[in-house]
Amino acid sequence: MTSLAVPEHPWLLPGELVVPADSGRTRPRRTTRDWIVDSLAFLVSVVWVLFATADALSPDPAMAAPLPHDWMTGADAVIGLVCCGLLWLRRRWPLGLVVATTPLTLFSMAAAIPLLIFYFTVVVHRRTVIAIAVTGAGLVTNLAFSWIRPDPSMPYWATVSWGVVLSFTVLAWGMFVRARRQLVVSLRERAERAEAEQQLRVAQARHLERTRIAREMHDVLAHRISLLSLHAGALEFRPDAPADEVARAAGVIRGSAHAALQDLREVIGVLRAADDGAGDAPEPPQPTLADLPALIAESRSAGIRVNVSDSVASPEQVPAALGRAAYRIVQEGLTNARKHAAGAAVTVDVAGGPGTGLTVAIGNRWPVGTPAGGTLPGAGTGLVGISERVTLAGGRLAYGRDDTGDFRLAAWLPWPA
């Protein structure tokens, strides 16, 4: 299966969208876009740590009440810088980093921006249930932080409200990003599935067409080659035959061989056209019910006794597909008779009309013993192909020995009124 087209600028996409989920990698590599985002997040977080530390050390802090001791402020700065370094690992262990750093949200101002980025990463990359649980834990620690380090310029409830608004804003933004990425992945999977289904339909259509061609080739070539074998066997059995009979048999062999080669050339041409994608390649004309007399005459010229009973009403109204199926059934019956019952008389009955259907029956005496030259080899798929042809036409097929012990091949095909 061919893959879909590669994006024009894959470096602008997140790694999760560039590398498919079924590629076998445990985690996607960072794209150029990911490196830029991570670098900006790191720089902004470092600047925030420096700014928050400077504000906490000033005589009049503007963001939060200072810690009781200066060494605590220094420790807070160190914690903030460590969290900045952990930003480079947030794509690999987002939930683990949030769980490990959640206690810091009780008192740390320097780590606020890195912790907020950890929270956003969890919302984007984990399920909604996990994101809501992390949000609930953050709201609880927000209550404690606003009590431990209150804002000098705002009352307690206002500080808590601002923390809630910030948490829900990050949650909404992260869920939007996650939903958008899921939509892109869903559309990609749908496109890949549609492409795979299209290729499967093409393969199935090609297989059905090859099966149809193989069936036609079997029907045609088996008939031609059985005639060749019959005439060649006659020449082998009667080497002292008169010269005119030998010449006539040799002419029939030459004509049958030429016709077989022509049929084979046409079939190979169709197969090559199918391989080249030329769906409009011309096909040889298909036989109809009107070609049955020529088929019977050809078999009679090979020395086969064929008795025909034709009682078809309005033969000129026989549909082309119905006539072709009847022709192939008679052709297969005559071929089987030449293969397995050489010398036996064959009866061909064709009857029916519009509204009643078309009945085709071929019968011959059951062979006794084995012919001198042996039976002709066969693939054993002729009757299988005829059965499939009749089934597709909506008819019925039966073959085997009847009550009298003769072999009979009978088919009924629907003929609409």
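See the structure above.
Not measured: the values here are computed from a predicted model.

Undergrad: Would you take a moment to explain the pattern of salt bridges for this structure?
TA: A side chain of one charge can pair with a side chain of the opposite charge when the charged atoms of the two come close. Within this structure, the stated rule accounts for seven salt bridges. Salt-bridge contacts for Asp34 lead to Arg91; the nearest nitrogen and oxygen are separated by 3.6 Å. With Asp34 in helix H2 (residues 32–57) and Arg91 in the loop between helix H3 (70–86) and helix H4 (94–101), this pair connects stretches of sequence that are 57 residues apart. In terms of burial, Asp34 and Arg91 fall into one category: buried. Each of Arg30, Arg33, Asp34, Asp38, Arg90 and Arg91 takes part in one network of salt bridges that share partners.

Undergrad: Help me understand the packing of aromatic side chains, please; the structure alone is not making it clear to me.
TA: Centre-to-centre distance and the angle between the planes together describe a pair of aromatic rings. Applying the stated criterion across every chain yields a total of six aromatic pairs. Arranged with centres 5.8 Å apart and planes meeting at 45 degrees, the rings of Phe42 and Trp88 form a pair that is tilted. Taken together, the residues Phe42 in helix H2 and Trp88 in the loop between H3 and H4 connect sequence positions 46 residues apart. Judged by its relative accessible area of 26%, Phe42 falls in the partly exposed class. Seen in terms of ring centroids, Trp48 and Phe51 are 6.1 Å apart; in terms of plane orientation they differ by 40 degrees. Their pairing is tilted. Pair noted here: Trp48 and Phe51 are both in helix H2, with a separation of three residues, about one helical turn. Positioned above the aromatic ring of Trp35 is the side chain of Arg30, whose terminal nitrogen or guanidinium carbon lies 5.1 Å from the ring centre.

Undergrad: How should I be thinking about unusual backbone geometry in this particular structure?
TA: Glycine aside, residues mostly have negative phi, and peptide bonds are mostly found in the trans state. The backbone of Ser314 sits at a positive phi, close to 55 degrees, despite the residue not being glycine. Mapped onto the fold, Ser314 is located in the loop between strand S1 (306–312) and helix H10 (320–340).

Undergrad: Looking at this structure, how should I read the nonpolar core?
TA: For soluble globular proteins, the rule of thumb is that nonpolar side chains tend to be buried together. Core analysis: the largest hydrophobic core is formed by 30 residues, its most contacted members being Ile329, Val330, Leu334, Val348, Leu358 and Ile362. Contributions of two or more residues to this core are made by helix H9 (292–301), S1, H10, strand S2 (346–353), strand S3 (357–364), helix H11 (382–392) and strand S5 (407–413). At eight residues, the largest contribution of residues to this core is made by H10. Grouped together as the second largest cluster of nonpolar side chains are 20 residues, Leu87, Tyr119, Val122 and Val124 included.

Undergrad: Help me understand the pairing of S2, please; the structure alone is not making it clear to me.
TA: For a regular strand, side-chain orientation follows a simple rule: the groups alternate between the two sheet faces. As judged from the seven bridges shared by S1 and S2, these two strands associate in the parallel manner. Following the sheet pairing, Asp310 is matched in S2 by Val350. One crossover worth recording links S1 to the parallel S2 by way of H10, and it is left-handed. As paired strands, S2 and S3 are joined by eight bridges and run antiparallel to one another. Bridged to Gly352 within S3 is Leu358.

Undergrad: What should I look at first to understand a nonpolar patch on the surface in this one?
TA: Together, Leu106, Phe107, Leu143, Trp147, Ile148, Tyr156 and Trp157 make up a nonpolar patch on the protein surface, roughly 780 Å² of accessible area in all. Secondary-structure elements contributing two or more residues to the nonpolar patch are helix H6 (128–148) and helix H7 (156–237). Top element by residues in the nonpolar patch is H6. It accounts for three residues. Along the chain, Ile148 falls in helix H6.

Undergrad: What's the story with the environment of Val98 in this structure? I'm lost.
TA: The topology assignment puts Val98 in helix H4. Take Val98: its relative accessible area is 8%, and that puts it in the buried class. The spacing of Val98 and Val122 is 24 residues in sequence and 7.7 Å in space, taken between C-alpha atoms. Each residue touching Val98, except ones within four places of it in the same chain, is listed here: Phe118, Tyr119, Val122 and Val134.

Undergrad: What am I meant to see in the environment of Trp157 here?
TA: Mapped onto the fold, Trp157 is located in helix H7. The exposure class of Trp157 is exposed, given its relative accessible area of 62%. Measuring from C-alpha to C-alpha, the distance between Trp157 and Leu143 comes to 9.1 Å, with 14 residues separating the pair along the chain.

Analysis parameters
Residues numbered from 1 in each chain as written. Predicted model: local features only at pLDDT ≥ 70, side-chain atom pairs only at ≥ 80, totals over all residues. Heavy atoms only, no water. Salt bridge = Lys/Arg side-chain N within 4 Å of Asp/Glu carboxyl O. Helix = DSSP H or I, 4+ residues; strand = E, 2+ residues; numbered from the N terminus. Buried < 20%, exposed > 50% of the residue type's maximum accessible area, 1.4 Å probe, protein only. Phe/Tyr/Trp six-rings, centres within 6.5 Å; stacked < 30°, edge-to-face > 60°. Lys NZ or Arg CZ within 6 Å of the ring centre and 35° of its normal. Core = buried A, V, L, I, M, F, W, Y, C linked by side-chain atoms within 4.5 Å. Pairing = 2+ DSSP bridges. Right-handed = clockwise from strand over helix to strand, strands pointing away. Patch = residues over 30% accessible without salt bridge, like charges linked within 9 Å, V, L, I, M, F, W, Y side chains within 5 Å. Areas by Shrake-Rupley, 256 points an atom, 1.4 Å probe, with all protein chains shown as cover. Contact = heavy atoms within 4.5 Å.

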